[in-house]
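Spelled out from the first residue to the last, the chains are:
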Amino acid sequence: METGTNGETNGPVWVGLPGGLLTLRRLLLVVWTGLLTAVTAVLLGLLVGPAWAAVGACWLAVAVWGWVLLGRKWRSWRYAERADDLLISRGVLWQEETVVPYGRMQLVEVTSGPLERRFGLASVQLHTAAAASDARIPGLVPAEAERLRDRLTELGGARSAGL
């Protein structure tokens, strides 16, 4: 991926996130909205009357809406490695593109919580000198997260040393 920022004619090669992150987030959406539907229906059915239990179905509309939004948000996440920096792009309505120069990176972490581990996912967190410029790439396959961490660490060390 030697498409440098100096005199490049081609755009960056963007890499999207694997589908495991979308599966995890949609599963969490279904679990939480299902739980809220049941609790709302039972409470309203017992406290107000059986006809009011149907109000719990409003959470199902939230689940459908969230299902679509999660898919759009997942498709918007992507990253590209260039010769001098890492690009991270995300967002549907408000789009953000973060450029992290390799020479500015101070720490690159790979993290994975219990649910992420269950779904075979890991996140890469990039720390720079400016707290506002920290960047994160969620939902990567652990091997890709480790490869990216090692590459970014290597390039960051070479760039900060002026090589």
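Just above sits the structure.
Quick caveat: nothing in here was measured; it's all calculated off a predicted structure. (Residues numbered from 1 in each chain as written. Predicted model: local features only at pLDDT ≥ 70, side-chain atom pairs only at ≥ 80, totals over all residues. Heavy atoms only, no water.)

**Observations concerning the sheet that holds strand β6 (residues 122-128)**
Move 1: The strand order β5-β6-β7 describes an open sheet built from 3 strands, whose pairing is antiparallel. Pairing within the sheet leaves two strands with one partner each, and these edge strands are β5 (105-111) and β7 (135-140). Adjacent strand axes in the sheet meet at a mean angle of 15° when their direction is disregarded.
Move 2: As judged from the 4 bridges shared by β6 and β7, these two strands associate in the antiparallel manner. Among the inter-strand pairings, Gln125 is bridged to a residue of β7, identified as Arg136. (Pairing = 2+ DSSP bridges. Helix = DSSP H or I, 4+ residues; strand = E, 2+ residues; numbered from the N terminus. Axes fitted to C-alpha atoms, helices over the stretch in contact; angles between N-to-C directions.)

**Quick notes on the side chain of Ser76**
Move 1: Within the fold, Ser76 resides in helix α2 (residues 58-76).
Move 2: Residue classification places Ser76 among the buried residues on the basis of a relative accessible area of 12%.
Move 3: At 2.7 Å, the side chain of Ser76 forms a polar contact with the backbone oxygen of Lys73. (Buried < 20%, exposed > 50% of the residue type's maximum accessible area, 1.4 Å probe, protein only. Polar contact = N/O pair within 3.5 Å; in protein donor to acceptor, adjacent residues only side chain to side chain.)

**Observations concerning the pattern of salt bridges**
One side chain can pair with another of opposite charge once the charged atoms of both are near each other.
Move 1: Per the counting criterion, the structure on display carries 6 salt bridges.
Move 2: Glu81 serves as the salt-bridge partner of Arg151, at 2.5 Å between the closest nitrogen and oxygen. A residue pair is termed long-range when its members are at least 10 positions apart, and Arg151 in helix α4 (residues 142-160) and Glu81 in strand β2 (residues 78-81) qualify at 70 residues.
Move 3: Classification of Arg151 as partly exposed rests on a relative accessible area of 22%.
Move 4: Residue Glu81 is classed as buried on the basis of its relative accessible area, which comes to 2%.
Move 5: Notably, a salt bridge pairs Arg149 with Asp150, separated by 3.2 Å at the nearest N-O pair.
Move 6: For Arg149, a relative accessible area of 26% puts it in the partly exposed group. (Salt bridge = Lys/Arg side-chain N within 4 Å of Asp/Glu carboxyl O.)

**Section: the sheet that holds strand β3 (residues 85-90)**
Move 1: Overall, antiparallel pairing links the 4 strands, which are arranged β1-β2-β3-β4 in an open sheet. Edge positions in the open sheet fall to β1 (15-16) and β4 (96-101), since each of these has one partner strand only.
Move 2: One ladder, built from 4 bridges, connects β2 with β3; its direction is antiparallel. If you follow Glu81 over to β3, its bridge partner there is Leu86.

**As for the nonpolar core**
Move 1: Formed by 22 residues in total, the largest nonpolar core has its most connected members in Leu86, Ile88, Leu126, Ile137, Leu140 and Leu152.
Move 2: Those elements that provide at least two residues to this core are α1 (19-47), β3, β5, β6, β7 and α4.
Move 3: The element contributing the most residues to this core is α4, with 4 residues.
Move 4: Not counting the four nearest positions on each side in its chain, Ile137 is found in contact with Leu17, Trp77, Tyr79, Leu86, Ile88, Ala122, Ser123, Val124 and Leu148. (Core = buried A, V, L, I, M, F, W, Y, C linked by side-chain atoms within 4.5 Å. Contact = heavy atoms within 4.5 Å.)

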